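Notes for the structure review
What follows is each chain in one-letter form.
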Amino acid sequence: MWVAIKRGIIVVLGFLLQVFFSLFIYLKLGEFLPAIEAFYGFLSIVIVLAIIKESQRLSSDLVWILIIMLFPIIGTLLFIIFQKNKYESRLLKNINKNIKEGKKYLVQDEKIKAELDGQLKYISDFTGFPVSKNNEVKYYPLGDDVYPVMLEELKKAEKFIFMEYFIINKGKMWQGILDILVEKAKQGIDVRVLYDDMGSISMLPSNFSESLEKQGIKCIQFNKLSPFAGTIMNNRDHRKMMIIDGHTVFSGGINISDEYINEKSRFGHWKDNGIMIKGEAVWNFTVMFLEMWNAFREDDKDYSKYKYDFKEPYKENGYMVPYGDSPLDDVVTSEDVYLNIINQSKKYLYIYTPYLIIDTDMINSLILATRRGVDVRLVVPGIPDKKIVYTLTSSYFNTLVKGGVKIYTYTPGFVHSKVFVADDEIATVGTVNLDYRSLYLHFECGVYMKDTDVIDDVRKDIEEAISKSHKVELKETETGLIKGLWQAVLRLFAPMM
């Protein structure tokens, strides 16, 4: 923990130094201060008007509007620094370049394309991720269930193992995986690990990637913490994927840490999920991984060599499309997927989410669904991992419950799953939380399914969790003046959390 605190302090000091240096340059010119203030006052108005005009999520951009109007010089400088780093970051440029180049490998089968409509057509046409039908899918209600299967599948690897995770933490779970990775690397198999440095800051030493390289495992730290890395540190790789030989992938909510398999209890029982896919849909994940990897190391000139040739395709099992999301995209894929599921639901809609920090579009869609007669149920943690975030989450309870949405707190512990399921027809399982960070700032992934045979398993899992949960009543959502004001302040700054 001390290592994380020390590294964090260095990064914060580095960022503050950049801000104070910018301020110093302007304030040093004391005799021109009135002119500078007038200039920044005018510039702040222009920026605010531009935000209002261009914003597609005004409630989320409100915090910038407030900061800029209250503190024209500091607020405008901060906004310019954030925007400058976003568009001038070499890493983000490389990632965006690789995502665009990777699109040529994601080709929609024309026969399937003719069958697509609604959400499937949207994902295929506007996000570029192909829909497939020849897949075998298994849904695991707990990390405890999927972990032994992951180990067995890893042992079968013959060509490559690609892993991309937000969190890797030393312990039983990681050690079991590492032992196999080391053995496979010795056999000459291409083993690669990509993890988010911020996500693992309190768990791994800064030289962790070097230690893996010495064992024959290629390793990249996404967004390695640096005092002068700029605001790109705000964009994190929140994806979870383990790809084996191009024919098998594991994804879902679980990271690589012992609490995810309930070997360690941090916040009661850890309720998470995993999904295993075998079949043509694995290719979408493979391309996503290679796009990210090659943004750091240009190792692969041709991705197609990693595409598995399914000589005997799996039998058709509904429609499936793994999709990725990036803060660099014009389309907010994950939010659109969620909103479309809400808006298309007819009978029931069940949702798992660890965090509930949503804008007016999402709130209104959930309430409108209940008014259409849809049974809308949200399952959130009974034991939170971050108290201040849970206070923010609970601030939405009153409006939603009044609107007919049923909210359940998972009594045994913490819910980390990110799952939507509706009408026994559609579901999505992935890494995307219902909060600003996941929807707009992070690199994420998910799997959208229609008419696959595991949708029933997903529904049963949530129903079982609901049976162990506490239903939030309207009277419980009422707050006093002080707490209400505190929640209002938290909502205002929610995009920063």
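Here goes a summary of the coordinates provided. (Residues numbered from 1 in each chain as written. Predicted model: local features only at pLDDT ≥ 70, side-chain atom pairs only at ≥ 80, totals over all residues. Heavy atoms only, no water.)

Some remarks on the pattern of salt bridges
For side chains of opposite charge, pairing can occur when their charged atoms come near one another. Just so we agree on the cut-off: Think of a salt bridge as a Lys or Arg side-chain nitrogen and an Asp or Glu carboxyl oxygen that are within 4 Å of each other. Here's how the labels work: a residue is buried when its accessible area is under 20% of the maximum for its type, exposed when over 50%, partly exposed in between, all with a 1.4 Å probe on protein chains only.
For the structure on display, the rule yields 23 salt bridges. Two residues, Glu 464 and Lys 468, come together in a salt bridge whose shortest N-O distance is 3.5 Å. For Glu 464, a relative accessible area of 46% puts it in the partly exposed group. Lys 468 gets classed as partly exposed once you look at its relative accessible area, which sits at 40%. One connected set of salt bridges, linked through shared partners, spans Asp 424, Asp 456, Arg 459, Lys 460 and Glu 463.

Some thoughts on the side chain of Asn 223
Rules: Helical segments are the DSSP runs of H or I of at least four residues, strand segments are the runs of E of at least two, and each set is numbered from the N terminus. Definition of a polar contact: a pair of N or O atoms within 3.5 Å, with one able to donate and the other able to accept a hydrogen when the atoms are protein atoms, and with sequence-neighbouring residues admitted only if both atoms are side-chain atoms.
Along the chain, the position of Asn 223 falls in the loop between strand 4 (218-222) and strand 5 (240-244). Only 2.7 Å separates the side chain of Asn 223 from the backbone oxygen of Asn 235, close enough to count as a polar contact.

Re the pairing of strand 6 (residues 248-252)
Note the following rule: Note: two strands are recorded as paired if DSSP finds a minimum of 2 bridges between them.
For strand 6, the buried fraction is high: five of the five residues fall into the buried class. Neither face of strand 6 is open: one carries Thr 248, Phe 250 and Gly 252, the other Val 249 and Ser 251, and all of them are buried. Direction of pairing for strand 5 relative to strand 6: antiparallel, over a ladder of three bridges. Bridging across to strand 6, Ile 244 finds its partner in Thr 248. Bridge count for strand 6 against strand 8 (residues 274-279) is five bridges, and the pairing is antiparallel. Bridge pairing in strand 8 places Gly 252 opposite Gly 274.

Structural notes on the side chain of Asp 272
Keep this limit in mind: All tallies of charge rest on Lys and Arg as positive and Asp and Glu as negative; His and the ends of each chain are not included. In this analysis, two residues are considered to be in contact whenever any of their non-hydrogen atoms come within 4.5 Å of each other.
Its location among the elements puts Asp 272 in the loop between strand 7 (269-271) and strand 8. Lacking a salt bridge, the buried Asp 272 has Lys 418 as its closest oppositely charged neighbour, with an N-O distance of 6.0 Å. For Asp 272, the side chain forms a polar contact with the side chain of Trp 270, separated by 3.5 Å. Residues contacting Asp 272, with those up to four places away along its chain left out, are Tyr 140, Pro 141, Leu 142, Gly 143, Gly 253, Ile 254, Tyr 260, His 416 and Ser 417.

Quick notes on the packing of helix 12 (residues 333-344) against helix 13 (residues 360-371)
Keep this limit in mind: As a rule, the C-alpha atoms of each element are fitted with a line to give its axis, helices using only the stretch in contact, and angles between N-to-C directions run from 0 to 180 degrees. Between 65 and 115 degrees an angle is taken as roughly perpendicular, under 35 as roughly parallel, over 145 as roughly antiparallel, and anywhere else as oblique. What makes a crossing left-handed is the near helix being turned counterclockwise from the far one by less than a right angle; a clockwise turn instead makes it right-handed. Charged residues are taken to be Asp, Glu, Lys and Arg, nonpolar residues to be Ala, Val, Leu, Ile, Met, Phe, Trp, Tyr, Cys and Pro, and polar residues to be all remaining types, Gly included.
Following both chains from N to C, one finds helix 12 and helix 13 inclined at 20°, their axes separated by 9 Å at the closest point. Here helix 12 is positioned roughly parallel relative to helix 13, judged by the angle of their axes. For the pair helix 12 and helix 13, the crossing hand works out as left-handed. Two secondary-structure elements touch here, helix 12 through Glu 335, Tyr 338, Leu 339, Ile 342 and Asn 343 and helix 13 through Asp 361, Met 362, Ser 365, Leu 366 and Ala 369. Split into classes, the residues belonging to the contact of helix 12 with helix 13 amount to six nonpolar, two polar and two charged.

Structural notes on the packing of aromatic side chains
Here is the rule we go by: Aromatic rings from Phe, Tyr and Trp, taking only the six-membered ring of Trp, are treated as a pair when their centres fall within 6.5 Å; an angle between ring planes under 30 degrees marks them as stacked, one over 60 as edge-to-face, and anything in between as tilted.
A full pass over the atoms with the stated rule returns 22 aromatic pairs. The interplanar angle of 20° and the centroid separation of 4.7 Å between the aromatic rings of Tyr 105 and Tyr 303 together place this pair among those described as stacked. Residue Tyr 105 is located in the loop between helix 5 (90-102) and helix 6 (110-113), and its partner Tyr 303 is located in the loop between helix 11 (282-296) and strand 9 (316-325); the two are separated by 198 residues in the primary sequence. Each member of the pair Tyr 105 and Tyr 303 is classed as buried. Taken together, a centroid distance of 5.7 Å and an interplanar angle of 25° make the contact between Phe 289 and Trp 293 stacked. Pair noted here: Phe 289 and Trp 293 are both in helix 11, with a separation of four residues, about one helical turn. The same class applies to Phe 289 as to Trp 293, namely buried. Among the aromatic residues, those joined into a cluster by ring pairs are Phe 160, Phe 162, Phe 289, Trp 293 and Tyr 306.

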